[in-house]
Amino acid sequence: MKRSAYLLALPITAMALLAGCGGSDDNSSSSNPAPEPTTQTEKPAENGSGGSSTVALAADPNGALAYDTDSLEAKAGTVAVDFTNDAAIGHDVVIEQDGNEVARGEIITGGSETVSFNAKAGEYTFFCSLPGHEAAGMKGTLTVK
Ligand SMILES: [Cu+2]
């Protein structure tokens, strides 16, 4: 009986060692290509309502007063807007709901930033706050579901 117990113990030990070095290494967080100074307008997920989503928004890289879309869609929870402006003129992104500002990024030129806020389901608007830019078309609707 002693002998079989010893034989059993070996593979168990080996498995424990393997499990020990396996891992909880999580390398999945490399999806944000922009380690620029970011603007966190609100702490994420303060009401624990679940999800988080990231949407991409870019200004026209050739300097037109335009975003690359006038329609974004995200899930309720923490919404991160990855805003890229590769143009030589400054732009920002401001997000409002019913006329109330909920998030505002920095004015950036030739770079990117992330503007995060805690979103409930509903319609938000986003626009560039530089003089004349919204009027020229730098605006759109962010729908949160
Ligand atoms: Cu602008």
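Keep in mind that this is a model prediction, so the values were computed, not measured.

**Examining the pattern of salt bridges**
Inference 1: With the rule as written, the count across this model stands at 3 salt bridges.
Inference 2: Its salt-bridge partner being Arg 104, residue Glu 101 comes within 2.9 Å of it at the nearest N-O pair.
Inference 3: The network of salt bridges with common partners includes Asp 92, Glu 101 and Arg 104.

**Quick notes on the packing of aromatic side chains**
Inference 1: All told, the structure shown has 3 aromatic pairs when counted by the stated rule.
Inference 2: Residues Tyr 67 and Phe 83 carry aromatic rings whose centres are separated by 5.9 Å and whose planes lie at 85 degrees to one another, so their mutual orientation is edge-to-face. Of this pair, Tyr 67 sits in the loop between β2 (52-58) and β3 (71-74) while Phe 83 is found in strand β4 (residues 77-85), placing the two residues 16 residues apart along the sequence. Of the two residues, Tyr 67 and Phe 83, both sit in the buried class.
Inference 3: Aromatic pair Tyr 67 and Phe 126: ring centres 5.5 Å apart, planes at 55 degrees, arrangement tilted. With Tyr 67 in the loop between β2 and β3 and Phe 126 in strand β8 (residues 122-127), this residue pair connects regions lying 59 residues apart in the sequence.

**What to know about the coordination of the copper ion**
Inference 1: Protein-derived ligands of the copper ion are His 91 (ND1), Cys 128 (SG), His 133 (ND1) and Met 138 (SD), with the metal-ligand distances lying across 2.0 to 2.7 Å.
Inference 2: Here the copper ion is ringed by 4 donor atoms whose angles at the metal span 83 to 134 degrees, and the overall shape comes out irregular.
Inference 3: Written as a sequence motif, the donor arrangement for the copper ion is H-x36-C-x4-H-x4-M. Placement of the pair is His 91 in the loop between β4 and β5 (94-97) and Met 138 in the loop between α2 (133-136) and β9 (139-144), with a sequence separation of 47 residues. Comparing His 91 with Met 138, the two get one shared label, buried.

**Regarding unusual backbone geometry**
Inference 1: In this structure, Asp 98 is a non-glycine residue whose phi angle is positive, near 50 degrees.
Inference 2: Mapped onto the elements of the fold, Asp 98 is located in the loop between β5 and β6 (100-104).
Inference 3: Given the relative accessible area of 74%, Asp 98 is considered exposed.

**Considerations on the environment of Lys 145**
Inference 1: The topology assignment puts Lys 145 in the segment after β9.
Inference 2: If we skip the residues at most four places from it in the chain, Lys 145 touches Glu 73, Ala 74, Lys 75, Ala 76 and Ala 121.

**Here's the deal with the nonpolar core**
Inference 1: Ranked by internal contacts, the top residues of the largest apolar core, which has 23 residues, are Leu 57, Tyr 67, Val 93, Ile 95, Phe 117, Phe 126 and Leu 142.
Inference 2: For this core, the elements supplying multiple residues, two or more each, are β2, β3, β4, β7 (111-119), β8 and β9.

**Overview of the environment of Ala 136**
Inference 1: Mapped onto the elements, Ala 136 comes out in helix α2.
Inference 2: For the pair Ala 136 and Leu 65, spaced 71 residues apart in sequence, the C-alpha to C-alpha distance is 6.1 Å.

**Some words on the environment of Ser 116**
Inference 1: Position of Ser 116 among the secondary structure elements: in strand β7.
Inference 2: Sequence spacing of Ser 116 and Ala 103 is 13 residues, and the spatial spacing of their C-alpha atoms is 7.0 Å.

**Details of the confidence of the model for the protein**
Inference 1: Confidence in the prediction of the protein, expressed as mean pLDDT, is 80, and 66% of residues score 70 or more.
Inference 2: When the criterion is pLDDT under 50, residues 42-48 qualifies, and its contacts beyond four places in sequence or with other chains add up to 10 contacts.

Rules used throughout
Residues numbered from 1 in each chain as written. Predicted model: local features only at pLDDT ≥ 70, side-chain atom pairs only at ≥ 80, totals over all residues. Heavy atoms only, no water. Salt bridge = Lys/Arg side-chain N within 4 Å of Asp/Glu carboxyl O. Phe/Tyr/Trp six-rings, centres within 6.5 Å; stacked < 30°, edge-to-face > 60°. Helix = DSSP H or I, 4+ residues; strand = E, 2+ residues; numbered from the N terminus. Buried < 20%, exposed > 50% of the residue type's maximum accessible area, 1.4 Å probe, protein only. Donors = N, O, S within 2.8 Å, 3.2 Å for Na, K, Ca; no water. Tetrahedral: all angles 85-135°; square planar, octahedral: opposite > 155°, others 65-115°. Contact = heavy atoms within 4.5 Å. Core = buried A, V, L, I, M, F, W, Y, C linked by side-chain atoms within 4.5 Å. pLDDT = per-residue confidence, 0-100.

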